[in-house]
Amino acid sequence: MGTCKNELLVNLVDQQLDHYDWIIVGGGLVGASIAYGLIQKKPHLRILVLDGEDTDHRASVGNFGLIWVQGKGFDFPAYAKWSLKGADLWPNFANQLSQTSHIDIAYERRGGLEFALNQRHLKALSEEMAAMSHHTQGDFQYTVLDRNAALDMQPGLGESVAGAIYSPQDGQVNPLYLLAALHKANQLLGVKYQPRCVVKRIEVLAQGFDADGFVAKKIVLCAGLDNERLGKQLGMHLPVNPVKGQMLITQRATPGTLKYASPQMRQTGDGTIQIGGSHEHSGLDDRSSLDVMQTIAQEAVAVLPELAQLQLVRSWGALRVMSPDGAPIYQRSQNHKGAFGVCCHSGVTLAAAHAGPLSSWLLDDPNEDYKLLIEAMNNDRFTV
Amino acid sequence: MTDSLFSCLIENPLQCTVVVNNVEHQVPAQLSVAGALLYLGHRQVRQHSVSGEARAPFCHMGVCFECLVTINKGQQQRACLQQVMPNMRIDTVTKELTQ
Ligand SMILES: Cc1cc2nc3c(=O)[nH]c(=O)nc-3n(C[C@H](O)[C@H](O)[C@H](O)COP(=O)(O)OP(=O)(O)OC[C@H]3O[C@@H](n4cnc5c(N)ncnc54)[C@H](O)[C@@H]3O)c2cc1C
Ligand code: FES
């Protein structure tokens, strides 16, 4: 029995709550979005979110906050369609979530720019965009901008910028407010949340599952980097690896200093400029380091030289939850009916898709198009 | 600038001349630049770039970045981390990023 179980029982008056319809293991963006989707669709469901320690690696509290479509799944058609659908579902999702939680999550969809530092890069990006447009039957919209066209959209670009890709479908959000809003909405809608409860062992029962003493009919693994270990206990192969990203935050700048979000930098609603975009394979080490901070700062200054005037106020590193091909894994256990695993690198972008069609799929009530997309992203692709 | 809310607790401090927003002042030489600005009665040293709110030194230990000024016409920096120097030129900023 888990140490946290007794704590919860003390807190709960209703003995019934000992048995749940759903247990969600992990309360990051993925788990919280799914819980929110389930309770919205079926308000009577008894849902328990078991979350880990504050010292766990949590991509959900260290990420960049982009709702990013450009380039996602250019070599994986189902993922391309799913990302675009997910971004299209965001405006309604954001609206509803803000109303339910009374938290302004600073969502906006003004489009995004990806800058190319030479012609070859621009050409490569254009090819990826063409592939995405093809996979989505033209629903993905983008424009290839030469240097002058890019300058019209973002004045002050550095000499080395050769051009950019613009897509009106990209957006951004404050990811910390997003996570807080999901948790608050879930609480208001009746989802039970148990923090500091690292699930060690999941047993399969005749009808359901027992996660360190918490029992439910169905279970979804959303434990980020711990999904691989927990998946094995339920016969699911959920391969994920940590990929570190480092971030810098500048002092507040005049709004509109950056006109559009990009994968390397975005201006937050508070005026600060967030700089990121590094990728390192350094295991579970999530510390920031001077050399990488210098590199990403230099890259940002190469794109927009005036950023050199700004002081940095904070930096951190965080670990991405990365599958072998970077696309999400949506897995239903073959051996144990009612067990699922969800791993994904783009948990911000896909939050609306997870609260929407993915939750319907978990409830066995999906629309056929979504079902095909979701099931195309199961782990069969990793077994040769 | 209004009457200062602060006074210097050091008795007979050494004085130092600084130029704040083009005006010469005498301030105790032991003060930080942020301390000197408060001593001189500045209640605002910068403006919030989004809301336009008045801001002033807050933490005095380099964390909050509410005290950014330019010193000797250089880049913006934290006034609480610098000690005043003779003839230092200190300028408070109304725009966070000078364009
Ligand atoms: C540097 C960086 C930048 C990123 N930028 C973006 C971006 O711009 N746009 C975007 O869409 N995505 C971005 N991401 C990805 C996004 O942050 C992740 O996809 C998302 O946060 C994953 O959420 P998660 O809930 O799966 O994982 P996590 O946030 O890791 O949450 C897992 C949760 O499970 C808990 N847990 C772990 N083990 C157990 C256990 N055994 N029992 C119970 N609980 C457990 C943990 O405590 C944690 O709360 C970025 C990620 C990083 C690191
Ligand atoms: S007063 Fe806080 S950084 Fe200077």
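Cut-off values and rules
- In this convention, every chain numbers its residues from 1, walking through the sequence in written order.
- Chain letters start at A and ligand numbers start at 1, both assigned in the order the entries are written.
- The predicted origin of the model limits local features to residues at a pLDDT of at least 70 and limits the giving and counting of side-chain atom pairs to 80 or more, whereas totals for whole chains, interfaces and linings rest on all residues.
- Side-chain measures were taken over the full set of non-hydrogen atoms in the model, leaving aside hydrogen atoms and water.
- The rule is simple: take the accessible area with a 1.4 Å probe, protein chains only, and divide by the maximum for that residue type; under 20% is buried, over 50% is exposed, in between is partly exposed.
- Strands here are runs of E lasting at least two residues and helices are runs of H or I lasting at least four, both read from the DSSP assignment and numbered beginning at the N terminus.
- Residue ranges labeled as domains rest on an automatic or database domain assignment.
- By the convention used here, residues are in contact when the closest approach between their heavy atoms is within 4.5 Å.
- Note: buried area is the sum, over both parts, of the accessible area (probe 1.4 Å) each one loses when the two are combined.
- For this document, the term salt bridge refers to a Lys or Arg side-chain nitrogen within 4 Å of an Asp or Glu carboxyl oxygen.
- Pairs of strands are assigned from DSSP output, requiring at least two bridges between the strands.

**Q** Give me the lowdown on helix 9 (residues 351-362) of chain A, citing residues and values where you can.
**A** Residues that lie three or four places apart on an α-helix share one face, since the helix turns once every 3.6 residues. Taking burial as the measure, the twelve residues of helix 9 of chain A include twelve buried ones, the bulk of the element. Positive phi appears at A:Asp364, one or two residues downstream of helix 9 of chain A, with a value of about 65 degrees.

**Q** Now, about the environment of A:Asp226: what can you tell me, with residues and values included?
**A** Residues and elements named next belong to chain A. Tracing the backbone through its elements, the reader meets Asp226 in the loop between strand 11 (214-221) and helix 7 (227-233). Exposure remark for Asp226: the relative accessible area of 26% places this residue in the partly exposed category. Along the backbone, Asp226 and Leu310 are 84 residues apart, and their C-alpha atoms lie at a distance of 38 Å.

**Q** Tell me about the domain arrangement of chain A, and name the residues and values.
**A** Residues and elements named next belong to chain A. Partitioning chain A into domains gives domain 1 (2-62 + 176-239 + 326-381), domain 2 (112-168) and domain 3 (241-322). Inter-centroid distance (C-alpha atoms) of domain 2 to domain 3 is 20 Å. Of the residues lining the interface, 14 residues belong to domain 2; the matching set on domain 3 comes to 13 residues. For the pair domain 2 and domain 3, the two sides together bury roughly 1,000 Å², of which 61% comes from carbon and sulfur. In terms of surface lost to domain 3, no three residues of domain 2 exceed Leu113, Phe115 and Gln154, which account for 39% of the buried area on that side. On inspection of domain 2 and its partner domain 3, the count reaches zero salt bridges.

**Q** Describe the pairing of strand 12 (residues 241-250) of chain A, with residues and values.
**A** Residue and element names in this part refer to chain A. Here strand 12 lies mainly inside the structure; nine of its ten residues are buried. Judged from the ten bridges that link them, strand 12 and strand 15 (residues 312-322) form a sheet pairing that is antiparallel. Residue Val243 lies in a different strand from strand 15, and its bridge partner there is Arg320. Note that strand 12 and strand 14 (residues 273-275) share two bridges and pair antiparallel.

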